[in-house]
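Coordinate inspection notes
Given next are the chains, with one letter for each unit.
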Amino acid sequence: MPTARVVTKRSDAKIQGEIADSTDAFSLDSSVSLPDEAPRVRVVRHLKQWIADGVLAPGQTLPSERALARQFGVSNRTVSGALAMLVTEGLLRNGEGYARFVVGDGRRAQLLKRAIVVVTIFSEVPASRHQQSGWVEHIGHGAVAAVQTAGRPAIAIAPEQLGEAEIAALIAERPGGVILTDILKPAPQVLKLAQTLLENDIPVVVYGDAPGFEKFDRVAPDHERGGYLLAQYLAKQGCRRILQMWPDPPDTYWVSQREAGYAQALREAGLEPLPSLVVPHVAPTDDASQFENERRNMAGRLVEHLTGSDAVDGVMTCTDRETFFVAAACRLFGKEPGRDVRIAGYDNFWAECEERRLET
């Protein structure tokens, strides 16, 4: 499992809001009464009360240390120490220079500090929708389940919900960590989120090996090994001409990884790797007439590979779904799937494909 960890310095991106040098930036009661307590304790107690009462709202910028010192009648050093304590407790967060922002009330801050945010395109797909492990939504649901099993709060967010304002708010809340899943071709805002998390020392882990995420801790399937094992299996079953297929366009990072595994297995078996076949994407269907159309389209793509003296006797499809269309196409050429042509899928969700009732 490839891993990497890079801790970078906080970015120089400007944080919204100017920190004024007087109480004009924030309306405070000028008649604050401080009981007979240590000055720092008194300042901490009042600031906590303002946060709890909502006088200081989450995300709000605090007045300057000098303004607060004048307000409370204490030294700048006392205020600085009090603010440092509230940062440690998770009620405030440091910004650029001497700026500080309100995180929220104590209970909310502690809850979010323990929470793990899971960014997944399947945040609203029921976990029970599919039972087999090969469906991609199981990645996000598995991450959420693991967080909950560990006794931590889990928050699922779809990547399209993460604009600049939302990313800034997420950073301001400072969750316990962030998991980025389902990354095949990452949207720019997801990569930006990951980088911003690192710069703000919020733990982040990524699923997959998509370009741009090399410096992050990540968990990734070994696609090269997967391609190798499938090709090796077909070779051991007696296949001598094995074709690999990809949907158009085959531009996800794992295509080259699987092709490398396929080529290695064939070389070890003394066989010649064949150029991959790119076919149009096949949409899921349980409609018989639509399936027939797709079958004939697939047959047109495969005709030169399934006929003639150098016809293939093994096919590796991109996922389990394509196996049904390839098998049905083979029958048009008098080829019996599993006997004349062995077909290997990928991802383990074949039993729940709609096409199964149309092609066994």
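The structure reproduced in this document is the subject of the present report. Only a predicted model underlies this, so the values are computations on that prediction, with no experimental measurement involved.

Our next topic: the side chain of His223. Within the secondary structure, His223 sits in helix α8 (residues 223-236). In this structure the side chain of His223 is engaged in a polar contact, spanning 3.2 Å, whose partner is the side chain of Tyr346. When residues no more than four places from it in sequence are discounted, the contact partners of His223 are Trp254, Gln257, Arg258 and Tyr346.

An ideal rise of 1.5 Å per residue puts 18 Å on 13 residues; helix α3 (residues 76-88) measures up with 18 Å between its terminal C-alpha atoms. Within α3, burial applies to Thr78, Val79, Gly81, Ala82, Leu83 and Leu86. Residues of α3 that are buried in the fold lie against α1 (39-53), α2 (65-72), β1 (92-94) and β2 (100-102).

Before going further, it helps to spend a moment on the nonpolar core. In terms of nonpolar packing, the biggest core is built from 37 residues, with Ile242, Met245, Tyr262, Met298, Leu302, Met316 and Val326 touching the most fellow members. When residues of this core are assigned to their parent elements, the largest contribution, six residues, is made by helix α11 (residues 320-332). Residues in contact with Tyr262, not counting those within four places in the same chain, are Gly227, Tyr228, Ala231, Ile242, Gln244, Pro273, Leu274 and Met316. The next biggest cluster of nonpolar side chains, apart from the first, holds 26 residues, and it includes Leu170, Val178, Leu193 and Trp246.

Criteria and thresholds
Residues numbered from 1 in each chain as written. Predicted model: local features only at pLDDT ≥ 70, side-chain atom pairs only at ≥ 80, totals over all residues. Heavy atoms only, no water. Helix = DSSP H or I, 4+ residues; strand = E, 2+ residues; numbered from the N terminus. Polar contact = N/O pair within 3.5 Å; in protein donor to acceptor, adjacent residues only side chain to side chain. Contact = heavy atoms within 4.5 Å. Expected span 1.5 Å × (residues − 1). Buried < 20%, exposed > 50% of the residue type's maximum accessible area, 1.4 Å probe, protein only. Core = buried A, V, L, I, M, F, W, Y, C linked by side-chain atoms within 4.5 Å.

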